Amino acid sequence: MLILTCPAQLQRLEGVLRRSLPLALPVLGAVMNINRGNPGEFEVVVDSWPHFGAVLARPSREMPVDDCYRSRNAAFYRDVGAYRALLETPGCLRWDTAFHIFGGLGSGVSWGASGR
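Residues numbered from 1 in each chain as written. Predicted model: local features only at pLDDT ≥ 70, side-chain atom pairs only at ≥ 80, totals over all residues. Heavy atoms only, no water.

Notes on the overall build of the chain
Each helix and strand counted, the chain has three helices and six strands in total. Starting at the N terminus and walking to the C terminus, you meet the elements of the chain as β-α-α-β-β-β-α-β-β. Once local pairs closer than 6 in sequence are excluded, the contacts in the chain between residues at least 24 apart make up 52%. Summed over its atoms, the accessible surface of the chain is roughly 6200 Å², and 56% of this surface lies on carbon and sulfur atoms. (Helix = DSSP H or I, 4+ residues; strand = E, 2+ residues; numbered from the N terminus. Contact = heavy atoms within 4.5 Å. Areas by Shrake-Rupley, 256 points an atom, 1.4 Å probe, with all protein chains shown as cover.)

What to know about unusual backbone geometry
Of note, the bond from Leu21 into Pro22 is cis; its omega dihedral lies within 30 degrees of zero at 5°. Position of Pro22 relative to the elements: it lies in the loop between helix H1 (7–18) and helix H2 (25–35). The omega torsion of the bond from Trp49 to Pro50 falls at 5°, within 30 degrees of zero and hence cis. With phi around 55°, Asn38 is a residue other than glycine that occupies positive phi space.

Quick word on the pairing of strand E4 (residues 72–77)
Burial analysis of E4 places five of its six residues in the buried class, which makes it a mostly covered element. Of the strand pairs in this sheet, strand E3 (residues 54–59) and E4 are connected by four bridges, and their pairing is antiparallel. Bridging across to E4, Leu56 finds its partner in Ala75. (Buried < 20%, exposed > 50% of the residue type's maximum accessible area, 1.4 Å probe, protein only. Pairing = 2+ DSSP bridges.)

Considering the environment of Ala30
With respect to the helices and strands, Ala30 occurs in helix H2. Judged by relative accessible area, which is 13%, Ala30 ranks as buried. Placed 16 residues apart in sequence, Ala30 and Glu14 show a C-alpha to C-alpha distance of 9.5 Å.

So, H2
Side chains that are three or four residues apart share a direction in an α-helix, a result of its 3.6 residues per turn. Taken together, the buried positions of H2 are Val27, Leu28, Ala30, Val31 and Ile34. Along the long axis of H2, the arc covered by the buried residues comes to 160°, so they all point the same way. Looking one or two residues beyond H2, the residue adopting positive phi is Gly37, at roughly 115°. (Arc of directions from axis to C-beta.)

Okay, here's the thing in structure tokens:
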């Protein structure tokens, strides 16, 4: 798991995600907001860089318990195994709170997922 903080990395990621529209739209929107001042205070996590298989945009601050706005995550993956491994990485998601994942997930997986 790697948190992208470098503006050059985030701009490169934005370009890659643009080529994967429409499936990458939820993550692309978060990356674009981060690149333009980050008003939603999100961060981007990838499984590896620069050849990533999964991307997760998540709140960068401690999120309040059961706050649906602050507990939204956006996901995009090219490799379901990389996506599963990223989500299972300790610290990637707060599994003790309610959360929602929206994103371009591979075929056979719904666009919205919730956990608690």
